[in-house]
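An overview of the molecular structure
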Amino acid sequence: WIGSDSFVAVPVGADLPPLWMRRVLDIGQVVMTLAWSACFVWFVIRPWLRERRLTLDGLIVIGCTLASGWDALSNTGQFWFTYNTYLVNRGSMLDVMPTTLSPRAPGATEAWPLFFINTLYGNFVLVAILMCALLRFVQSRRPQTGIVALLLICFVLGAIADFIIEGLVLLPLGFWTYAGGHWAINADTYYKFPLHEAICAGSVFAGLTCLRYFVNDKGETVCERGLDKLPVSPLRKSLLRCCAVLGGVISIFIVTYHLPQ
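Residues numbered from 1 in each chain as written. Predicted model: local features only at pLDDT ≥ 70, side-chain atom pairs only at ≥ 80, totals over all residues. Heavy atoms only, no water.

**Considerations on the pattern of salt bridges**
- Considering all chains together, one arrives at seven salt bridges under this definition.
- In this structure, the salt-bridge partner of Arg-23 is Asp-26, at a minimum N-O distance of 3.8 Å. Residue Arg-23 and its partner Asp-26 are both found in helix α1 (residues 19–51); the two are separated by three residues, about one turn of the helix.
- The exposure class of Arg-23 is partly exposed, given its relative accessible area of 44%.
- Residue classification places Asp-26 among the partly exposed positions, given a relative accessible area of 29%.
- Across the pair Asp-57 and Arg-212 runs a salt bridge whose closest N-O atoms are separated by 2.5 Å. With Asp-57 in helix α2 (residues 56–67) and Arg-212 in helix α6 (residues 195–213), the pair connects residues that are 155 residues apart, well separated along the chain. A single burial state applies to Asp-57 and to Arg-212, both of which are buried.
- A single salt-bridge network, built from bridges that share partners, covers Asp-95, Arg-104 and Glu-110. (Salt bridge = Lys/Arg side-chain N within 4 Å of Asp/Glu carboxyl O. Helix = DSSP H or I, 4+ residues; strand = E, 2+ residues; numbered from the N terminus. Buried < 20%, exposed > 50% of the residue type's maximum accessible area, 1.4 Å probe, protein only.)

**A few points about unusual backbone geometry**
- Of note in this structure, Arg-52 is not a glycine but carries a positive phi near 60 degrees.
- On the secondary structure map, Arg-52 appears in the loop between α1 and α2.
- The exposed category is assigned to Arg-52, whose relative accessible area is 54%.
- Even without being a glycine, Asn-186 presents a positive backbone phi close to 55 degrees.
- Examined against the element boundaries, Asn-186 turns out to sit in the loop between β3 (184–185) and β4 (193–194).

Put into structure tokens, the structure is as follows:
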């Protein structure tokens, strides 16, 4: 994608966003990039300098950031949402995917925001941390709470969180719009919110929370269990652990969001 003719900006077009929205979009890109930078320093660089290893939270930050490039994957068959082209962009990697069916051309495709979507994804670790804290609180008050109930709590809270983040904040501010979708709230406005978006995005938040919360007594996620039994060097085990957790994080997005959408 980066080396192709598709790596060009999608222009705004004739209908320039109003001045207040342009200012909000500019500020949003700066704030989100700074927030991601802070998360990267705190969860990735800081632990690495102290312990010479990547923590689970650090791997979640990296995994979510890597998964952000696939954010427009559900537009493979046809467009149902689009980003605001005023945001800094260079098209989308979907342009060069052989599975892409929706019409597109260089400069006429998804305007994947270079300084917002990837940084927004990386900050999802904060949602997982907060939801894990809530699950610990629930289990401390009600120790008999089972795994199914905890999963349901994760999903419901994740769906509510997405509705607040997208439906009440980011969509009205103009960062992207859902032209398609089903079961919509504010259906006749540019900030229309399809309710299935909350279901799928809530599943992502729940998946990340469960990955972080349900670890064994060694602090291992379900993705990395069994590595201690492999007859390989410590360095190779560390690399396999990173690949396993990163693969788990990215798979959560594909399985719970992109494929259902």
